[in-house]
Amino acid sequence: MLENLLQVFNKIHVIEEKFGQLSGNKIDNVPPSMSKESAPSFQEALKEAKGEKADKGYPYQYAELINNAAQKYGIDTKLIESIIKAESDFNPKAISPAGACGLMQLMPQTARMVGVKNIFFPEENIEGGTKYLKDLLEKFNQNLPLALAAYNAGPETVKKAGGIPSIIETQNYVARVLKYLQGS
């Protein structure tokens, strides 16, 4: 019975992808009692139907992209996930009031510097953000709090401050990413 159900889910998935109706986004027909943000994606629902543990920490569709960038640049996947969670809450279309864009909230000039052509394309954004993070870790001698502060406020601001600047947003950002990294 479960095999038949999985076959049906797989066929639905293939049909939806073929007609461009499934992009990994949350479903649109959500009961009023459930917000669209809390509705499971198709991939999450399929994993649950298979009896697999659903990834609730971040959308399943970004796992491979995060793993690829982590391996390429030698950065912990959990750190990349934590930054994305703090920056955009996994919204690839996010734009900050300051103009930072995409999952890892890259400023356009930073994106150009790390070779990102389409700042809203998740693969390029994650790759570019991870490359930038690696550069910052090297610049600040693997000091993670300083690298995170530089990711948020810019490396020159951190250098001028001689540490984490006394900018409330930056201090909160560093604390939030570290909290996500520790899993609490």
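Residues numbered from 1 in each chain as written. Predicted model: local features only at pLDDT ≥ 70, side-chain atom pairs only at ≥ 80, totals over all residues. Heavy atoms only, no water.

Draft legend 1. Inspection of the overall build of the chain at higher detail. Broken down by element type, the chain carries 9 helices and 0 strands. If you list the helices and strands of the chain from N to C, you get α-α-α-α-α-α-α-α-α. Among the 184 residues that make up the chain, the fraction classed as buried is 40%. (Helix = DSSP H or I, 4+ residues; strand = E, 2+ residues; numbered from the N terminus. Buried < 20%, exposed > 50% of the residue type's maximum accessible area, 1.4 Å probe, protein only.)

Draft legend 2. Summary view of the pattern of salt bridges. Per the counting criterion, the structure on display carries 5 salt bridges. Salt-bridge contacts for Glu 127 lead to Lys 72; the nearest nitrogen and oxygen are separated by 2.6 Å. Taken together, the residues Glu 127 in helix 6 (residues 122-139) and Lys 72 in helix 3 (residues 63-73) connect sequence positions 55 residues apart. For Asp 135, the salt bridge goes to Lys 131, with nearest N and O atoms at 3.7 Å. (Salt bridge = Lys/Arg side-chain N within 4 Å of Asp/Glu carboxyl O.)

Draft legend 3. Seen up close, helix 6. Taking 1.5 Å of rise per residue, the 18 residues of helix 6 would be expected to cover 26 Å, and the 25 Å separating its terminal C-alpha atoms lies within 8% of that figure. Buried residues along helix 6 sit against helix 3, helix 4 (77-88), helix 5 (108-113), helix 7 (144-153) and helix 8 (155-161). (Expected span 1.5 Å × (residues − 1). Contact = heavy atoms within 4.5 Å.)

Draft legend 4. Main features of the packing of aromatic side chains. Per the counting criterion, the structure on display carries 1 aromatic pair. The positively charged end of Lys 85 is found above the aromatic ring belonging to Tyr 180, 5.9 Å away from the centroid. (Phe/Tyr/Trp six-rings, centres within 6.5 Å; stacked < 30°, edge-to-face > 60°. Lys NZ or Arg CZ within 6 Å of the ring centre and 35° of its normal.)

Draft legend 5. Just the side chain of Asn 125, in detail. When you line up the elements, Asn 125 lands in helix 6. From its side chain, Asn 125 meets the backbone oxygen of Cys 101 in a polar contact 3.1 Å long. Among residues more than four places away in sequence, those in contact with Asn 125 are Cys 101, Gly 102, Leu 103, Met 104, Gln 105, Leu 106 and Ile 119. (Polar contact = N/O pair within 3.5 Å; in protein donor to acceptor, adjacent residues only side chain to side chain.)

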